Amino acid sequence: MRALRVAAGLTQTELAGERFSKEYVSQIERGKTRPTADTVAWLAERLGVDDQYLQHGVSADVRTRVEAKLAQAEALSEAHRDREAVEAFREVRAETGTLGSAELELRALAGEGWALQELGAAQDGIAVLQEARELSELPVFSDVDRADVLFRLGCCRYRLSSIPTAIALFDEAFGLAERSGLPCDILRARILAWRSRCRRRQADFEAAREDIELAIELAQAMDDPRVVAGTYLQASLVAEKTGHWVLARQYAEQARALYQDLEDERNTGRLMLTLGGLQLLLGHPEQAIEHLTASFALAVEAGSQPDAAQALGGLAAVHEHLGDHEAADEHARKALALLEGREDFLDEIGQSNLVLGRSLLERGRLDEAEECFRAADSAFEQMESVGHRTGAWVALGDLAERRGDVREAARWYRNAAEALAVVRF
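J.: An account of helix α22 (residues 386–402) is requested, with residue identities and associated values reported.
T.: Counted at 1.5 Å a residue, the expected span for α22 with its 17 residues is 24 Å, and the 24 Å between its end C-alpha atoms agrees. Listed as buried for α22 are H388, R389, T390, A392, W393, A395, L396, G397, L399 and A400.

Shown next, in the form of structure tokens:
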């Protein structure tokens, strides 16, 4: 303010006019007192600048430009153009420091962290979101802001298969949102949908169902089609795990219709993947192949290697079911190649290894089959999922039986049976 006053050729008395004393202006210039927003606006008008410039040294035009860049980055993230989104958020972060706006900085940090976990860089996402978590503790932010950051951290932990930690973060986020007294039903719905994923991974399907049903109720009340579609997808997966395959297909078809209306090809492809798996369970392998082939095409068009890999893994499972071991082998190997190094897709890596191992087993390539089954077990162990590991143990039992080692086969089958006895269904 002193620099602007001197440049304008005004003394402290002249700037103060009849509204303030010279001493008050002096205190402001020396940082001894902080003026109110009304005072800042009045002084800015006297000095011929906007109040944003007087307060932060940056004009309102500059802030508007940065806000526009931030909105563009958020749009890129919503469109699943995650790599571009990360770069855009980082560019915004480089400029927010000059603005002195904690609000814009938090949005940029939260956005970058989310885009990183979508890219498979969950550890990097956690590092960025930890910065956001510290920033969100400032008094200027609400409990809803803090809940949003915790939610995003929980999603990163889920990607890394740190399920108990993810649940703890989702619980804390949901509690903050509930106690805030502020409107945040969309955030609450998203938290519940992701916590349902965790419950499903833990095979606690009743808790998963309760979470997703409440999430659907909240999302429908807010009439947000994107969030509703996401909750329908999770509801479909819970219904599938509990054996309600027709209901699961109904939820999946509703979710697909919503994503198609939103012209969201990436999530439409994911729903085709889900529907393909359900068609196989319902005894329609040819329809399953149609859905999975369409899912693969959409994933390739969207440039999503993980989604393409999951479609290939699904096709491998269908071909193995039909006894086409060569086709199963080809698709499973392609899926594994696309998922190499992706620790956020351990389930899919394990399942593709199981299918590949089965195809090798049926063709008498027993040593190669064992390598695949053990690779599957290793992936499932990293997930800390006994329910998933039993699939690998049964496969290893079948392998031992094929080799004529009845005692070893019985040991693997017994391990699987004992594990399943303590898994909640």
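That was the structure; now back to the text.
J.: Mind laying out a negative patch on the surface, listing which residues take part and the relevant values?
T.: Residues D261, E263, E265 and E301 make up a contiguous surface patch of negative charge. Residue position: D261 is located in helix α15 (residues 245–261). D261 sits in the exposed class, given a relative accessible area of 66%.

J.: Help me get a handle on the nonpolar core, residues and values and all.
T.: Ranked by size, the top nonpolar core spans 71 residues in total, and within it F151, F170, L187, I191, W194 and C198 carry the most contacts. Residue contacts for W194: discarding those within four places in its chain leaves W114, F151, C155, Y158, R159 and F170. Ranked by size, the runner-up nonpolar core spans 31 residues in total, among them F345, L356, A379 and A395.

J.: Outline the packing of aromatic side chains, supporting the account with residue identities and numerical values.
T.: Taken as a whole and assessed by the stated rule, the structure comprises eight aromatic pairs. With a centroid separation of 6.0 Å and an interplanar angle of 75°, the aromatic rings of W114 and W194 are classed as edge-to-face. With W114 in helix α8 (residues 102–118) and W194 in helix α12 (residues 185–201), the pair connects residues that are 80 residues apart, well separated along the chain. When sorted by exposure, W114 lands in the same class as W194, which is buried. With a centroid separation of 5.9 Å and an interplanar angle of 35°, the aromatic rings of Y232 and Y251 are classed as tilted. Taken together, the positions of Y232 in helix α14 (residues 225–241) and Y251 in helix α15 put the pair 19 residues apart, joining distant regions of the chain. Connected via pairs of aromatic rings, a cluster forms that spans W114, F151, Y158, F170 and W194.

J.: Could you give an account of unusual backbone geometry, with specific residues and numbers?
T.: Located in the positive-phi region is S161, a residue other than glycine, with phi close to 65°. Inspection of the secondary structure puts S161 in the loop between α10 (143–159) and α11 (163–180). By relative accessible area, S161 is classed as buried at 5%. Phi is positive for D223, which is not a glycine, with a value near 55°.

J.: Tell me about the pattern of salt bridges, residues and numbers included.
T.: One pass over the full model with this rule turns up 39 salt bridges. The partner of R266 in a salt bridge is D82, with the nearest N and O atoms 3.2 Å apart. Residue R266 is found in helix α16 (residues 265–281), and its partner D82 is found in helix α7 (residues 82–99); the two are separated by 184 residues along the sequence. For R266, a relative accessible area of 11% translates into the label buried. Its salt-bridge partner being K334, residue E330 comes within 3.1 Å of it at the nearest N-O pair. With E330 and K334 both in helix α19 (residues 325–338) and four residues apart, the pair spans about one turn of that helix.

J.: Kindly report on the confidence of the model for the chain, identifying the contributing residues and their values.
T.: Put simply, the chain has an average pLDDT of 93, and 97% of its residues get 70 or more. Taken element by element, the chain is modelled with least confidence in helix α5 (residues 51–56), mean pLDDT 72, and with most confidence in α19, mean pLDDT 98.

J.: How would you summarise helix α4 (residues 37–47) if you had to cite specific residues and measurements?
T.: In an α-helix, one full turn covers 3.6 residues, which means residues spaced three or four apart are oriented alike. Among the residues making up α4, those that are buried are T39, V40, L43, A44 and L47. Down the axis, α4 shows its buried residues gathered within 135° of arc, on one side only. Of the residues in α4, the exposed ones pointing more than 90 degrees away from the buried face are D38 and E45. The positive-phi residue at the C-terminal boundary of α4 is G48, with phi of around 75°.

Reading the values: rules and limits
Residues numbered from 1 in each chain as written. Predicted model: local features only at pLDDT ≥ 70, side-chain atom pairs only at ≥ 80, totals over all residues. Heavy atoms only, no water. Helix = DSSP H or I, 4+ residues; strand = E, 2+ residues; numbered from the N terminus. Expected span 1.5 Å × (residues − 1). Buried < 20%, exposed > 50% of the residue type's maximum accessible area, 1.4 Å probe, protein only. Patch = residues over 30% accessible without salt bridge, like charges linked within 9 Å, V, L, I, M, F, W, Y side chains within 5 Å. Areas by Shrake-Rupley, 256 points an atom, 1.4 Å probe, with all protein chains shown as cover. Salt bridge = Lys/Arg side-chain N within 4 Å of Asp/Glu carboxyl O. Lys, Arg positive; Asp, Glu negative; His and termini not counted. Charge placed at Lys NZ, Arg CZ, Asp CG, Glu CD. Core = buried A, V, L, I, M, F, W, Y, C linked by side-chain atoms within 4.5 Å. Contact = heavy atoms within 4.5 Å. Phe/Tyr/Trp six-rings, centres within 6.5 Å; stacked < 30°, edge-to-face > 60°. pLDDT = per-residue confidence, 0-100. Arc of directions from axis to C-beta.

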